[in-house]
Every structure is written in C-alpha cells, then in structure tokens.
Amino acid sequence: MTDRIVSWHGNPTKPRYVPPAGAIDAHCHVFGPMAQFPFSAKAKYLPEDAGPDMLFALRDHLGFARNVIVQASCHGTDNAATLDAIAQSNGKARGVAVVDPAISETDLAALHLGGIRGIRFNFLKRLVDDAPKDKFLEVAGRLPAGWHVVIYFEADILEDLRPFMDAIPVPLVIDHMGRPDVTKGPDGPDLQAFRRFLDSRDDIWFKATCPDRLDPTGDPWNAFAHAIAPLVADYQDRVLWGTDWPHPNMQDAIPDDGHLVDMIPRIAPTEMLQRKLLVDNPMRLYWGEEARG
C-alpha cells in the first residue's frame with residue numbers, strides 16, 4: 001500500500017447555518033503529518049497529511065469553537081498525532097484515544113493530562129483485524145474518572161454486541177448511530193433496534209453524524225434528515241454532532257463540509273435542540289469541569 005489518498009474537500013463552502021457560540025465539532029480526526037507521526041503498519045488506508053493546522057482552519061471556516069479529535073484507525077494505538085493536535089489547540093480540543101488493552105494506569109493518566117476523555121473500540125472488520133472483547137472490558141474498568149467508551153459498529157451486529165456493551169461500566173458513545181439503514185425511515189428496523197438499545201441505559205450517547213456515509217441518495221441527504229430528526233428530538237440530552245473530517249475512506253464520495261453543517265437545522269430544528277447538540281451535551285461529556293462551572 002503506497003498510494004496516499006485524499007478524502008476531504010479542498011474548498012468546502014461556507015455553511016448557510018451559523019452554529020451557536022461555543023459550538024463543538026465532536027467527531028473529527030487528524031492524519032499525521034506522516035513525517036512526524038508515522039501511520040500504523042496495520043493501517044488499512046494511507047492518507048495524505050491532514051494535520052491540526054488544517055483542522056483548526058476548517059473549524060473556524062465552519063463557525064465552530066472547539067473540536068473533539070477521535071484517534072483515526074490509520075494511527076493504530078499510537079495516539080501521538082491526536083495528542084499533538086490537542087496540545088496545539090490552546091484548550092479548544094479534547095480527544096478520544098485508541099489504546100492497547102494492556103495499557104498501564106500511568107499511561108492512562110498521561111493521556112488524561114493530554115486531554116483524552118475516552119477510548120474507542122472499533123468493530124468494523126474492514127478497519128481492524130482484532131477486537132478482543134474480554135480485554136476491552138478489562139481496560140474499560142480501569143479508566144480515569146469521567147471517561148467513557150466510544151464504540152463503532154455496523155447495524156447488523158448490534159444484537160451480538162449487546163452483552164458486551166451492557167457489561168461496560170462507564171458511559172457509552174455510539175459512533176454514527178451504529179450505521180443504520182436510513183432509507184427505511186425513522187421506523188425502520190435498524191433505528192427501532194437502536195432505540196431499544198438507547199432505552200436500555202440512560203448513559204448511552206450517540207453521534208447523529210455522517211449523512212455522507214449513511215445516505216445513498218446523496219447530497220442533500222434527504223433520507224438521513226427524515227430518519228434522524230425524530231431520534232435527535234427523542235434523545236436530545238444524549239446526542240452529539242461532528243463533521244467526521246477528514247472523512248476516512250470517503251475518497252470516492254467526498255462530502256462538502258459546509259453542506260454537512262447545513263444538515264444540523266434539519267435534524268435539530270429549534271435553537272434549544274441545536275444548543276444541546278452542539279454545546280451543552282459535548283461540553284458535559286468532554287469539558288465536564290467547565291460545564292459544572
């Protein structure tokens with residue numbers, strides 16, 4: 001694998017929607033720079049550099065104030081690039097790490113000092129080779145106070161994962177709602193199963209993200225808006241939003257980030273919902289000490 005790929009828009013439009021003051025892009029990534037932060041030997045894709053300077057320029061262009069940077073699978077369990085981006089953010093970023101389950105308490109504490117507030121477990125077979133549930137459960141029980149676990153999976157394995165997720169002793173955040181089939185509408189089987197899962201615990205959060213990944217009808221992603229708006233309304237205190245920039249593995253269908261931002265008022269049509277989605281909820285989860293004031 002030698003060809004490096006670009007998966008992000010080179011000139012995203014300025015969104016029509018203006019986010020509220022303090023809005024947070026709660027799901028984004030950095031790639032490299034490779035010369036400073038080499039990619040994992042196990043990486044399934046080899047992206048061009050998309051470092052913190054590009055991320056923060058996009059943040060400002062789209063009208064956001066802060067970022068939550070999620071460790072990208074191409075960097076494996078070496079979180080140096082994510083930690084570097086947080087360090088360069090002047091307090092305007094927090095992060096989610098990917099760790100070796102055998103990580104020590106000392107190293108977890110160092111991640112906390114570096115701005116990490118959760119760890120991510122990835123169950124997409126096209127992105128990871130091994131997802132040892134027993135080891136994941138062990139490390140989930142040793143996390144610093146206030147951390148959570150982010151889980152990425154596809155809808156067809158939700159029920160298989162339920163015993164594992166039920167056993168995790170800290171709050172859960174589900175990436176991209178477990179990738180439901182949004183073309184079936186808000187009452188489709190995937191979203192109904194996801195609602196049952198949300199109802200099983202009051203500390204399960206989710207990201208109402210990635211219309212570009214989930215909606216095959218394409219931009220402006222009408223099926224996504226129709227299916228997801230009721231979910232946001234019904235679970236408004238447990239929902240987050242993010243761009244997913246630089247859109248890993250989307251090089252064949254690169255979304256315009258300005259159009260992604262313009263999805264926000266379609267899934268959260270009131271100012272109150274928008275503030276919860278973009279400010280109150282991510283502040284509580286990632287900047288809890290500030291949110292408590």
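Structure's up top.
Here's what I pulled together on the structure shown here. (Residues numbered from 1 in each chain as written. Predicted model: local features only at pLDDT ≥ 70, side-chain atom pairs only at ≥ 80, totals over all residues. Heavy atoms only, no water.)

Time to look at the sheet that holds strand β3 (residues 93-97). Strand order in the open sheet formed by 8 strands is β1-β2-β3-β4-β5-β6-β7-β8, with parallel pairing between adjacent strands. Edge strands, defined here as strands with exactly one partner in the open sheet, are β1 (24-28) and β8 (239-240). For strand β2 (residues 66-70) and β3, the ladder comprises 4 bridges, and the chain directions are parallel. Residue pairing in the sheet places I69 in a bridge with G95 of β3. Helix-sheet contacts for helix α6 (residues 189-200) involve β6 (172-174) and β7 (204-207), and the interaxial angle to β7 is about 140 degrees. (Pairing = 2+ DSSP bridges. Helix = DSSP H or I, 4+ residues; strand = E, 2+ residues; numbered from the N terminus. Contact = heavy atoms within 4.5 Å. Axes fitted to C-alpha atoms, helices over the stretch in contact; angles between N-to-C directions.)

Let us look at α6. For α6, spanning 12 residues, the distance from its first C-alpha to its last is 17 Å, which sits close to the expected 16 Å at 1.5 Å a residue. Looking at α6, one finds that the buried residues are L191, A193, F194, R195, F197 and L198. Looking at the buried positions of α6, the neighbouring elements they touch are α5 (158-166), β6, β7 and α8 (222-234). (Expected span 1.5 Å × (residues − 1). Buried < 20%, exposed > 50% of the residue type's maximum accessible area, 1.4 Å probe, protein only.)

For the coordinates displayed, the defined rule picks out 12 aromatic pairs. For the pair F121 and F136, a centre-to-centre distance of 4.0 Å together with 0 degrees between the ring planes defines the contact as stacked. Taken as a pair, F121 in strand β4 (residues 116-122) and F136 in helix α4 (residues 133-140) lie far apart in primary sequence, 15 residues in all. Judged by relative accessible area, which is 2%, F121 ranks as buried. (Phe/Tyr/Trp six-rings, centres within 6.5 Å; stacked < 30°, edge-to-face > 60°.)

Residues V149, I151, M165, I174, F206 and I228 are the most contacted members of the largest nonpolar core, which totals 95 residues. The contacts of M165, once residues within four sequence positions are left out, are I151, F153, L158, L172, I174, F197 and R201. (Core = buried A, V, L, I, M, F, W, Y, C linked by side-chain atoms within 4.5 Å.)

On to the side chain of D256, then. Examined against the element boundaries, D256 turns out to sit in the loop between β8 and α9 (257-261). Buried within the structure, D256 lacks any salt-bridge partner; its nearest side chain of opposite charge belongs to R16, at an N-O separation of 9.0 Å. Contact partners of D256, with chain neighbours within four places excluded, come to H9, P12 and T13. (Lys, Arg positive; Asp, Glu negative; His and termini not counted. Salt bridge = Lys/Arg side-chain N within 4 Å of Asp/Glu carboxyl O.)

Bringing the pattern of salt bridges into the picture now. Going through the model one piece at a time under the given rule, you end up with 16 salt bridges. The salt bridge involving D60 is made with R59; its shortest N-O contact spans 2.9 Å. By relative accessible area, R59 is classed as buried at 9%. Across the pair R162 and D166 runs a salt bridge, and its minimum N-O distance is 3.5 Å. One end of the pair is R162 and the other is D166, both in helix α5 and 4 residues apart, which spans about a single turn. Residue classification places R162 among the buried residues on the basis of a relative accessible area of 18%. A network of salt bridges, in which partner residues are shared, links R4, E48 and D49.

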